[in-house]
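As a plain string of letters, each chain reads:
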Amino acid sequence: MLKVERINFSYKDRNVLEEISFEASKGDIVSILGVNGSGKTTLLKIICGILKPKNGNVYLDGRLLTELTKRDVAKNIAYMQQRVDGISSTVFDTVLLGRRPHINFEVSKKDLDKVEEILTMLNLSEIAFRNTHELSGGELQKVFIARALAQEPKVLLLDEPISHLDIKNQMEMMTLIRRITKKMNLTTLLVIHDISMAIRFADKFLFLKDGQVHVYGNKNTITSDVIKNVYLIDATIENVKGISIVLPILKEDKL
Amino acid sequence: MERLVSKRQLELNSKKIYLNLIGKKLLVGLFLAFSLSIIFFYSLKVGSINISFKEILSTLLFEEKSEYRHVIWDIRFTRSVGAIIAGAGLGVAGVIMQNVLRNPLASPFTIGVSQGAAFGAAFAIIILGAGQTHITGNEMVTVNNPYLVTISAFIFSLLSVVFILMLSSLKNITKESIILAGVALSSFFGAGTMFLQYFASDFQVSATVFWTFGDLGKANWYYNKIMFLAFMIPFVYFLIVRWDYNAIQWGDESAKSLGVNVERLRVISMLLSSLIVAVITSFLGIIGFIGLIAPHIMRFLVGNDYRFLIPYSALAGSFLLLLSDIVAREVLKPVVLPVGIITSFAGAFLFLYLLIFKRGF
């Protein structure tokens, strides 16, 4: 169980997050939604300890995260950032780096076994010794998710995991995220801009507006009003073959 | 079922391939160590007195009986050991600086640390009186108070480090700007050294000029021991935290999410690598390009894995410096050139070669 309690954060004089509180259970996928600059990425960085909040606390299974060492936090929470300036490295070595919080001095058999298990689970074995520079965007995202999973986390934080992917890769990536979350009983928080995709794959939805929680809840909480309030745009939510799709509307559209 | 089998095969293969690659990287290290041993032995033959390999070997094994004991042990052996330690130190300092500054052009020479150390050494010799130099039988200028010179060199090299660290912490600073700042620092310390020399005595000037040359002729057992200590302590630390260097290559946030205390690592690493450089520079003078080239050569051979890059940069640095010193002793025989001239010449060409012909450099 992940519990975020009254988090406040500001960059110099600008308040970015105010009184953010929510809880997420194991096996939950929580989509974090909101306009650009609403504090979504900042929230993820605070949860994994990259940024320190002005005040407020993050608890994991009842334990305050600030009481843990950085290494122990990394054993529990994995963060995949939005953009990574990669270096030349094989996929195997990149995923192996995810074992860093568990490695004391040298790689153990358990570390290698874990990397293999994850590479197999994510169907990356065949490209295990390709250079990360040679990979497509979709493959690279998968490698970073594999690296995050190598940390054996309880909480997975993904910052815009499908932003740079084509529609096929987006579907594959979201399916993968859902599969591993359920299979490994993780708590997954993901920042996403595509509300339709979020409705289709996530369990809970956290809408941020002006650094505050506007709405937090399940699918039923997403309404045209919420979207209008958060994104300042009219939208309808249509149902196509049982799938909810958010359709933004402009004044000139004749629907 | 067929799919399960093929997956298992892939698993077995990927682990096998990984271990195979590790084995190959270890072989590179062994080859480097072997090559270093060979040129080390050869370096004992290089000098104005012609001594055969057989005589060298017998001197090394049965030193009491040999007439070449003094030449082999006290001059050539000392000099070559000095080259190995200094080369290793510069190579390691370079690879660590390139990592924590996330800049492939970073090295003690390019970010002004060497020049800061040289200025510190000059300052100690001329202003603080550590430079009551004397001419030895080999026409080498030595310093009476190496502690003072080293401490002063360290303090001024730290000034460069603090400046570069502050600069690199600025958000909108580019990698090129850091190197340009290094050029400015080098120029600043160079001017400072010249200023001190202008008011110094002939002996003091000769001592400080000697530093700018970077010469292994200054090596002696006492210096070698201190250089070895100044190299080993940071080297062990670097090896212990080598996974953190692997993590930091993917960016600060990536490293932090893997549990690395990035700020602490950066400060400690820069301090320790500048300590190595300061000690080497205060004893031997400025030796350029080893710290830049050695890590890049190893990167081509073993990739970006710091488990190998750190020790191999040390080996490559030793190899390059010893080889340069052999060239320095041979090229204008019987005149022995300061090794700094050779490393700068060779380094410049090697660097340009890597830049032009090796993509992704």
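Just above, that's the structure.
Described in the following lines is the structure provided in the data block. These figures come from a predicted structure and were not determined experimentally.

Looking now at the overall build of chain A. Within chain A, the secondary structure is distributed over eight helices and 12 strands. Relative to its length of 255 residues, chain A is compact, with a C-alpha radius of gyration of 19 Å against a globular reference of 18 Å. Oriented by its inertia axes, the alpha-carbon framework of chain A measures out at about 60 × 40 × 30 Å. In chain A, the proportion of contacts linking residues at least 24 apart, taken out of those at least 6 apart, comes to 65%. Accessible surface for chain A amounts to roughly 11800 Å². Of this, 48% is attributable to carbon and sulfur atoms. Between the mean site of the 36 positive side-chain charges and the mean site of the 32 negative ones, chain A shows a separation of 2 Å.

Glancing now at empty space enclosed by the protein. Considering all chains together, one arrives at two cavities of 30 Å³ or more under this definition. In this structure, the second largest cavity spans a volume of roughly 60 Å³. As for the second largest cavity, its lining consists of Y79, M80, Q81, V84, F144, R147, A148 and Q151 of chain A together with S254, S257 and L258 of chain B. The set of elements that each furnish at least two residues to the lining of the second largest cavity consists of strand 6 (77-80) and helix 5 (137-150) of chain A together with helix 10 (252-257) of chain B. In terms of residue count, helix 5 of chain A provides more of the lining of the second largest cavity than any other element does, three residues in total. Among the residues forming the lining of the second largest cavity, the class breakdown is six nonpolar, four polar and one charged.

Attention shifts here to the interface of chain B and chain A. The interface of chain B with chain A comprises 32 residues on the first partner and 40 residues on the second. Of the roughly 3200 Å² buried where chain B meets chain A, counting both sides, 59% is carbon and sulfur surface. Among the residues of chain B in contact with chain A, W243, W250 and L258 of chain B are the three that bury the most area, contributing 27% of the side total. Here D113 of chain A and K15 of chain B are joined by a salt bridge, their closest N and O atoms 2.4 Å apart. Our count for the chain B to chain A interface comes out at 14 residue pairs in polar contact (both at pLDDT 80 or more). Secondary-structure elements contributing two or more residues to the side of chain B that touches chain A are helix 1 (2-43), helix 8 (221-240), helix 9 (242-248) and helix 10 of chain B. With 12 residues, helix 1 of chain B is the largest single contributor of residues to the side of chain B that touches chain A. For the side of chain B that touches chain A, the class distribution of residues is 13 nonpolar, eight polar and 11 charged.

Calculation notes
- Residues numbered from 1 in each chain as written.
- Chains lettered and ligands numbered in written order.
- Predicted model: local features only at pLDDT ≥ 70, side-chain atom pairs only at ≥ 80, totals over all residues.
- Heavy atoms only, no water.
- Helix = DSSP H or I, 4+ residues; strand = E, 2+ residues; numbered from the N terminus.
- Rg over C-alpha atoms; globule rule 2.2 N^0.38 Å.
- Contact = heavy atoms within 4.5 Å.
- Areas by Shrake-Rupley, 256 points an atom, 1.4 Å probe, with all protein chains shown as cover.
- Lys, Arg positive; Asp, Glu negative; His and termini not counted.
- Charge placed at Lys NZ, Arg CZ, Asp CG, Glu CD.
- 1 Å grid on protein atoms, 1.4 Å probe; cavity = no way out; pocket = protein on both sides within 12 Å on 5 of 7 lines; lining within 4 Å.
- Points joined across faces, edges and corners; volume = space filled by probe spheres on them.
- Nonpolar A, V, L, I, M, F, W, Y, C, P; charged D, E, K, R; others polar.
- Buried area = accessible area lost by both parts, 1.4 Å probe.
- Salt bridge = Lys/Arg side-chain N within 4 Å of Asp/Glu carboxyl O.
- Polar contact = N/O pair within 3.5 Å; in protein donor to acceptor, adjacent residues only side chain to side chain.

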